[in-house]
Amino acid sequence: MINKNSPIPIYFQLVEQIKGCIETGELQPGDALPPEREYAEKYKISRMTVRQAFTQLVNEGYLYRLQGKGTFVAERKIEQPLQGLTSFTEDMKARGMEPGSELIHFEIVPASNQVATQLSISEYAPVYEIKRIRLADGVPMALETNYISANLVKGLTEQIVMQSLYAYIEGHLNLMIDYASQTIESSIASQNEAKLLKIKNGSPVMLIQRSTFLKDGTPVEFVKSVYRADRYKFMIQMKR
């Protein structure tokens with residue numbers, strides 16, 4: 001209920017109430033919210049107050065608007081802690097989701113100058129170029145391009161990369177992955193990226209580049225990823 005005598009702003013009370021309905025499952029992703037007018041009449045508050053609450057929930061990613069259709073519950077974002085190095089497959093399984101991949105491209109190519117520098121190999125040395133759409137419960141989450149030295153990681157096949165690269169590298173080749181260096185920046189989806197990720201052209205995305213290293217310091221992987229900003233967020237804990 002809305003307490004008009006509370007020092008907490010009315011719009012914020014409504015925000016928290018709707019959040020509670022989403023988090024308890026009373027409101028499911030894709031559900032349409034009642035019109036602003038109905039909330040205003042139900043709680044005897046102004047439509048401007050309801051609109052303010054809706055806008056905050058849209059900005060926080062709980063809701064989204066479709067022009068001429070209304071306001072709907074958004075899919076929940078996957079929260080990825082930035083402590084520790086895990087694979088996409090491990091992340092999804094830890095969340096009780098079914099990881100998957102759609103292989104777009106797989107071949108051995110000569111390393112470009114950038115890739116060679118990242119992998120500490122000679123320019124034009126053979127590398128696997130692997131492009132995949134990463135899925136969670138069948139929904140596209142990211143577009144991922146991996147570059148791996150073919151002289152270091154041998155025997156990769158399309159069947160292997162459809163599963164978990166890290167499991168093959170560590171479990172089959174006995175190469176122990178130790179740490180990674182990663183950068184994250186914001187961007188907007190290109191036409192091709194939007195098509196593959198099933199989002200609108202120009203939608204916000206996160207560009208991630210990561211170099212992964214073995215315990216002896218040898219670079220084992222260079223990855224360029226495009227993550228959907230509407231389904232993914234990153235979290236870090238900081239201590240003073």
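Residues numbered from 1 in each chain as written. Predicted model: local features only at pLDDT ≥ 70, side-chain atom pairs only at ≥ 80, totals over all residues. Heavy atoms only, no water.

Remarks on the pattern of salt bridges
For clarity, the threshold we go by: Between Lys or Arg on one side and Asp or Glu on the other, a salt bridge is scored when a side-chain nitrogen of the former is within 4 Å of a carboxyl oxygen of the latter. Under the scheme used here, helices are H or I runs from DSSP no shorter than 4 residues and strands are E runs no shorter than 2 residues, and both carry numbers assigned from the N terminus. Partly exposed residues are those whose accessible area sits between 20% and 50% of the maximum for their type, while under 20% is buried and over 50% is exposed, using a 1.4 Å probe and protein chains only.
Scanning all chains against the criterion turns up 8 salt bridges. In this structure, the salt-bridge partner of E16 is K19, at a minimum N-O distance of 3.6 Å. Placement of both E16 and K19 in helix α1 (residues 10–23) is noted, with a separation of 3 residues, approximately one turn of the helix. In this structure K19 comes out as buried when scored by relative accessible area, which is 13%.

Some remarks on the nonpolar core
Inside soluble globular proteins, nonpolar side chains tend to come together where they are buried. Our working definition: Throughout this description, the term nonpolar core refers to a set of buried Ala, Val, Leu, Ile, Met, Phe, Trp, Tyr and Cys residues connected via side-chain atoms within 4.5 Å. In this analysis, two residues are considered to be in contact whenever any of their non-hydrogen atoms come within 4.5 Å of each other.
Residues L14, I18, L33, Y39 and L63 are the most contacted members of the largest nonpolar core, which totals 19 residues. A total of 5 residues in this core trace back to one element, the largest contributor, which is α1. Beyond its immediate chain neighbours, meaning those up to four positions away, L14 contacts I2, Y39, Y43, I45, V50 and A53.

Some points on the UniProt feature "domain: HTH gntR-type" (unreviewed entry) in the chain
Note the cut-off: UniProt positions are given in the numbering used here, feature names are shortened, and annotations may be inferred rather than shown by experiment.
When the UniProt feature table is mapped onto this chain, "domain: HTH gntR-type" (unreviewed entry) is found at residues 8–76. From the first C-alpha to the last, residues 8–76 spans 26 Å; its make-up is 51% helix and 12% strand.

What about the pairing of strand β5 (residues 126–136)?
The side chains of a regular strand alternate between the sheet's two faces. Test applied: By this definition, two strands are paired if DSSP reports at least two bridges between them.
Judged by how many residues are buried, β5 sits mostly within the fold: 9 of 11 residues are covered. Two strands pair when backbone bridges link them, and strand β4 (residues 99–110) and β5 are joined in this way by 11 bridges, in the antiparallel orientation. Directly across from L103, in β5, lies its bridge partner R132. Bridge count between β5 and strand β6 (residues 139–149): 10 bridges; the pairing is antiparallel. Note on β6: the bridge partner recorded for A136 is V139. Where β5 folds back on β6, the antiparallel hairpin that results is connected by 2 residues, among which D137 adopts a positive phi of roughly 55°.

Here we look at the domain arrangement of the chain
Threshold: Note that the domain bounds were set by an automatic or database domain assignment.
Partitioning the chain into structural domains gives domain 1 (10–73) and domain 2 (78–235). Between domain 1 and domain 2, the C-alpha centre-to-centre distance is 36 Å.

Concerning the packing of aromatic side chains
Threshold: To pair, rings of Phe, Tyr and Trp, with the six-membered ring standing in for Trp, must have centres within 6.5 Å; the planes then decide the type, stacked if under 30 degrees apart, edge-to-face if over 60, and tilted in the middle.
Taken as a whole, this structure holds 7 aromatic pairs when the rule is applied. With a centroid separation of 6.4 Å and 20° between ring planes, the pair formed by Y39 and Y43 is classed as stacked. Here Y43 and Y39 lie together in helix α2 (residues 36–43), a separation of 4 residues that amounts to about one turn. An identical accessibility class is assigned to Y39 and Y43; each is buried. Ring centres of F106 and Y128 lie 5.9 Å apart, and the angle between their planes is 20°; this geometry places the pair in the stacked category. One end of the pair, F106, is in strand β4; the other, Y128, is in strand β5, and 22 residues separate them in sequence.

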